[in-house]
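Examination of the molecular architecture
The primary structure of each chain is shown beneath.
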Amino acid sequence: MSQELKVFSGNANPALAQEIADYLGVKLGVASVKRFGDGETSIEIAESVRGSDVFVIQPTCSPTNDNVMELLIMIDALSRASASRITAVAPYYGYARQERKVRAREPITAKLIANLITIAGADRVVTMDLHAPAIQGFFDIPLDHLPAAPILAEYFMKKKLENICVVSPDIGGVGRARNFAELIGASLAIVDKRRPEPNVSEVMHVIGDMENKNVIMIDDIIDTGGTIVQAAAKLKEKGAVRVFACCTHAVFSDNAVNNLNNSVIEEIVVTNTIPVPQKAIDAKIHVLSVAPFLGEAILHVNENRSISKLFAKQKRG
C-alpha cells in the first residue's frame, strides 16, 4: 500500500516541479527557501510530512553550489521532520563531469556529491542521463537512472525524416547514440574529438558516411556549444544535407545560445531538466517536457512498482 505522496521543490527548477505536481494531481509542498544576509541557505518546511513519501525536485544546475546546498538542507529538514521516505529527484546531476581521475591530484566530485546526498538523509535518488552511467555505482542507496532518448526519439519520428544518421559528438557518447539510433531506425556515426582542457574541444575525424544524410547529433549535455557547433560544421563538410542536434540537459553557459543560433544546425531539441532561458527558446531551440515521464517514475516509486516496466512502456510508445 502506497504512503501519502508529497512533492517539494527548491529554487532550481520550480516550473518543472509544478508541472510534475500537476501531473500527479497533488499540490506542491509548502516550504520556505531563503538566504541569510551572508548567503547561507535557510529552509523551513511549513507543513507536516510525518510518515509521508516525500519527493524533492531539485536539479543541481547553475548556480550549482546554491542548488546543491538547497537540496541537501531540504533533505535534512525533511528527515528531521520524520518523513517516512525521501527521494531526491535531481533530473540534472551536477558535478558529474569529474567522475574519474584523468590527471594526478584531481577530485572525483561525482562521488563526493553522491556521498553528500546519502549522508543528508535521502533514501533514494531519481535522475536522468548521467554524464557517465558508472556514477550509479557511487551511490549506496537505490538510484533510478531514466533515459530521455525515448522522449527525444518520439519528437524526431514525428518529423518523418528520411535517410537519417545519428551521430555521437564524441566516443564516450556512443552507447547513448546507438540506443537513440535503434529507437528511430537510423544508421550511426561518430565524431572523434580531443579535449585539451575543460570546455575546449577540437574535432579531429568523422567516422561514418554523411553523404546526403539527415543528421541528428545527440549528447547528454550542451554546455558552451563548442563541440556541437564544430561537429555540425564538419558533418556539413562531409556531405550532410540537414543537421539537427538534441540533448537532455541544456546547460548553455557563456555564449552558448549565440553559438548555436549562428551555427549550421537547423534545430536544437532539449528537455526542461534545467530551466531554459527565454532567449534560447526564442532562437532555434525547441524544449520538450520531461514532467510526465518523471511524474510516472514518481508514481512507480511511491507504489513500489517496477521502474524498468516504465522504460518498456516508453519504448513501445
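Residues numbered from 1 in each chain as written. Predicted model: local features only at pLDDT ≥ 70, side-chain atom pairs only at ≥ 80, totals over all residues. Heavy atoms only, no water.

1. Focus: the overall build of the chain
Rule in force here: Here a helix means four or more residues in a row that DSSP labels H or I, a strand means two or more in a row labelled E, and each is numbered from the N terminus. What the globule rule says is 2.2 Å times the number of residues to the power 0.38, and the radius of gyration is computed from C-alpha atoms. The rule is simple: take the accessible area with a 1.4 Å probe, protein chains only, and divide by the maximum for that residue type; under 20% is buried, over 50% is exposed, in between is partly exposed. Should any heavy atoms of two residues lie within 4.5 Å, those residues are counted as being in contact.
Each helix and strand counted, the chain has 10 helices and 14 strands in total. A compact globule built from 317 residues should have a C-alpha radius of gyration of about 20 Å, and the chain, at 20 Å, falls within 12% of that. Principal-axis analysis of the C-alpha atoms places the extent of the chain at approximately 60 × 45 × 35 Å. When each of the 317 residues of the chain is scored for burial, the buried share is 52%. Of the contacts made within the chain by residues no fewer than 6 positions apart, 63% connect residues no fewer than 24 positions apart.

2. Examining the pattern of salt bridges
Note the following rule: Just to be clear on terms, a salt bridge is a Lys or Arg side-chain nitrogen sitting within 4 Å of an Asp or Glu carboxyl oxygen.
Tallied over the entire structure, the rule returns 14 salt bridges. A salt bridge links E99 to R100; its shortest N-O distance comes to 2.4 Å. Relative accessible area serves as the criterion here: at 14%, E99 is assigned to the buried category.

3. Thoughts on helix α9 (residues 291-302)
Going by this rule: Helices are assigned an expected span. That span is 1.5 Å times one less than the residue count.
In this model α9 runs 16 Å from its N-terminal to its C-terminal C-alpha over 12 residues, within 8% of the 16 Å that 1.5 Å per residue would give. Of all the 12 residues making up α9, 10 are buried; the element is thus mostly covered by neighbouring parts of the structure. For α9, the set of buried residues is A291, F293, L294, G295, E296, A297, I298, H300, V301 and N302. The positive-phi residue at the C-terminal boundary of α9 is N304, with phi of around 55 degrees.

4. Some details on empty space enclosed by the protein
Formally: Using only the protein atoms, space was sampled on a 1 Å grid; points where a 1.4 Å probe fits but cannot get out form cavities, open sets with protein on both sides within 12 Å along at least five of seven lines form pockets, and lining residues are those with an atom within 4 Å of a point. Grid points are joined across faces, edges and corners, and a volume is the space filled by probe spheres set on the points. Under the scheme applied here, ten amino acids are nonpolar (Ala, Val, Leu, Ile, Met, Phe, Trp, Tyr, Cys and Pro), four are charged (Asp, Glu, Lys and Arg), and all others, including Gly, are polar.
Tallied over the full model, the rule gives 2 cavities of 30 Å³ or more. Taken as a whole, the largest cavity spans an internal volume of roughly 40 Å³. Lining the largest cavity, in full, are Y92, Y93, A96, M128, D129, L130, H131, D220, I221 and H249. When its residues are assigned to classes, the lining of the largest cavity shows 6 nonpolar, 2 polar and 2 charged.

5. Details of helix α4 (residues 149-157)
Burial within α4 is extensive, with 7 of its 9 residues counted as buried. Listed as buried for α4 are A149, P150, I151, L152, A153, Y155 and F156.

6. Notes on the packing of aromatic side chains
Under the convention used in this document: Note on aromatic pairs: the rings of Phe, Tyr and Trp (six-membered ring only in Trp) are paired at centre separations within 6.5 Å, and the planes decide the class, stacked below 30 degrees, edge-to-face beyond 60, tilted for the rest.
Per the stated rule, a full pass over the model turns up 4 aromatic pairs. Within the aromatic cluster, the residues linked to one another by ring pairs are Y155, F156, F180 and F244.

7. What to know about the environment of V257
Secondary-structure assignment places V257 in helix α7 (residues 256-261). Counting along the chain gives 35 residues from V257 to I222, while the straight-line C-alpha distance between them is 10.0 Å. Sequence-distant contacts of V257, that is, excluding residues within four places in its chain, are made with F252, K279 and A280.

8. Examining the packing of helix α1 (residues 14-24) against α9
Put simply, the rule reads: Here, axes are lines fitted to C-alpha atoms. For helices the fit covers the stretch in contact, and angles between N-to-C directions go from 0 to 180 degrees. To sort the angles, those under 35 degrees are grouped as roughly parallel, those over 145 as roughly antiparallel, those from 65 to 115 as roughly perpendicular, and the leftovers as oblique. Note on convention: the crossing is left-handed when the near helix lies turned anticlockwise from the far helix by less than a right angle, right-handed when the turn is clockwise.
Running from N to C, α1 and α9 cross one another at 60 degrees; their axes reach a closest spacing of 9 Å. In terms of orientation, α1 and α9 fall into the oblique class. Once α1 is placed against α9, the crossing between them reads as right-handed. Taking contact as the criterion, the partners of L16, E19, I20, Y23 and L24 in α1 are, on α9, A291, P292, L294, G295, E296, I298 and L299. For the contact of α1 with α9, the class distribution of residues is 9 nonpolar, 1 polar and 2 charged.

9. Considering unusual backbone geometry
The amide bond that connects S62 to the next residue, P63, takes the cis arrangement and shows omega of -5 degrees. Checked against the element boundaries, P63 lands in the loop between β4 (53-57) and α2 (64-80). Not every positive phi belongs to a glycine, and R105 is a case in point at roughly 65 degrees. The backbone of N304 sits at a positive phi, close to 55 degrees, despite the residue not being glycine. Of the residues examined, N304 reaches a relative accessible area of 58% and is grouped as exposed.

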